[in-house]
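Geometric and topological summary
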Amino acid sequence: MEAATMAWTAAVVGVGLVYWFVWVMGAAEVKGKRAVDLKMGSITRDKVQDKYTQYWSFFRRPKETATTAASAEKVPAFVDTFYNLVTDIYEWGWGQSFHFSPSLPGRSHRDATRVHEERVADLLGARPGHRLLDVGCGVGGPMRAIAAHSGSNVVGITINEYQVNRARAHNRKAGLDSPRCEVVCGNFLSMPFPDASFDGAYSIEATCHAPRLQDVYGEVHRVLKPGGLYVSYEWVTTPLYRAEDPDHVECIHGIERGDALPGLRRQDEIASIAKEVGFEVVKEQDLALPPALPWWTRLKMGRVAYWRNSLVVRVLTMLRIAPKGVSEVHEMLYETAQHLTRGGETGIFTPMHMVLLRKPVSTEEAK
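Note that the structure is predicted; figures quoted are calculated from it, not measured.

Secondary structure summary: the protein chain contains twelve helices and eight strands in total. Counting over 367 residues, the protein chain shows a buried share of 52%. Within the protein chain, contacts between residues at least 6 apart in sequence are counted, and of these 78% link residues at least 24 apart. If you sum the accessible surface of the protein chain, you get close to 16900 Å²; carbon and sulfur atoms cover 55% of it.

Glancing now at empty space enclosed by the protein. In total, this model carries one cavity of 30 Å³ or more according to the counting rule given. In this structure, the largest cavity spans a volume of roughly 60 Å³. Looking at the largest cavity, the residues that line it are Trp94, His99, Phe100, Ser101, Ser103, His109, Ala112, Thr113, Trp295, Thr297 and Arg298. Across the lining of the largest cavity, the residue classes tally to four nonpolar, six polar and one charged.

Between Ser178 and the following residue, Pro179, the backbone shows a cis peptide bond with an omega angle of 10°. Along the polypeptide, Pro179 turns up in the loop between helix 6 (161–173) and strand 3 (181–185). Residue Pro290 is joined to Pro291 through a cis peptide bond whose omega torsion reads 15°. Phi at Glu205 is positive, roughly 55°, even though this residue is not glycine. Among the secondary structure elements, Glu205 is positioned in the loop between strand 4 (198–204) and helix 7 (213–223). Using a relative accessible area of 6% as the deciding quantity, one classes Glu205 as buried.

Turning next to the pairing of strand 2 (residues 153–158). Two faces, one strand: in a regular strand the side chains alternate between the faces of the sheet. Within strand 2, five of the six residues are buried, which leaves the element mostly enclosed by the surrounding structure. In the sheet, strand 1 (residues 131–135) pairs with strand 2 via five bridges, with the strands oriented parallel. Following the sheet pairing, Arg131 is matched in strand 2 by Asn153. Handedness of the crossover joining strand 1 and strand 2 through helix 5 (residues 141–150): right-handed. Sheet analysis places strand 2 next to strand 3, joined by five bridges and oriented parallel.

Here is what the cut-offs are and how they apply
- Residues numbered from 1 in each chain as written.
- Predicted model: local features only at pLDDT ≥ 70, side-chain atom pairs only at ≥ 80, totals over all residues.
- Heavy atoms only, no water.
- Helix = DSSP H or I, 4+ residues; strand = E, 2+ residues; numbered from the N terminus.
- Buried < 20%, exposed > 50% of the residue type's maximum accessible area, 1.4 Å probe, protein only.
- Contact = heavy atoms within 4.5 Å.
- Areas by Shrake-Rupley, 256 points an atom, 1.4 Å probe, with all protein chains shown as cover.
- 1 Å grid on protein atoms, 1.4 Å probe; cavity = no way out; pocket = protein on both sides within 12 Å on 5 of 7 lines; lining within 4 Å.
- Points joined across faces, edges and corners; volume = space filled by probe spheres on them.
- Nonpolar A, V, L, I, M, F, W, Y, C, P; charged D, E, K, R; others polar.
- Pairing = 2+ DSSP bridges.
- Right-handed = clockwise from strand over helix to strand, strands pointing away.

Next up, the structure:
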């Protein structure tokens, strides 16, 4: 009898734990995703494992993905695959803003994220009546924060159709749907917008996916009105990076492999590229440098938290609630987080090198 009671108690506790970890645990921001809702974007369940394998094979040697025109042309499709694989996991574990921000004393991660986003609106001088472009908008966390803070209308573009649908759903829930916040599915290397159609533009940790930064900066320059400002937070290696140091190389390659990057650019390249396509550089600053507090603290997940999340994913896969392949994607993101943390701690990498650029006003237009 005692054995039966103990077995029953253990079963009840086990079911309770699974229920808590899987159904009760929500996302980091407004419970946008629960673990039980994890999907793989628009990839059908039976194709997730294959798509992950294809992605990993393509980005296994990051620097090689942009060395030939043929490889570079494939990058957008694989970036689309990457966001199909990771969007729900990002929302579940991180929130609706897929970027980093410096920590703020006594403030939550959510507060720090909002301040980092509102800084963009302030740098642009955004105000009611302005039409802004969000270049690589994800599921629209920054878009909604910037629209609410500035009163501007924001149009976002993302290559991933699943993110378009998620962003539109979040916009409706926030009471910020069209015309306040609009989302378009498209490639920021060839945007479906007329010339000189935006008052300002920004990209938050998005243009790192471009094989050539000149191509995306050139498109932003084209769609901006003369005199319009563009703010970008760039992922770059810093002057502390040493290409002859194997540990540095593995750290940076780990970041590139796990984040669909065709090769990180150097910090000192950004302003030159901006000038090359016709921008004036108004300001340039690494927002990760002191007195800013570490941006990587959110990534330093303890072993208990990691194994908890890993258990959730494995249970969901075993129960066939989540498709096969989710565990591999979760493991990839965990390993990538270790590389990102190492990059931050050593100072060889920053995800927030800020450039404020202006499209010049031509002599004819100024008259």
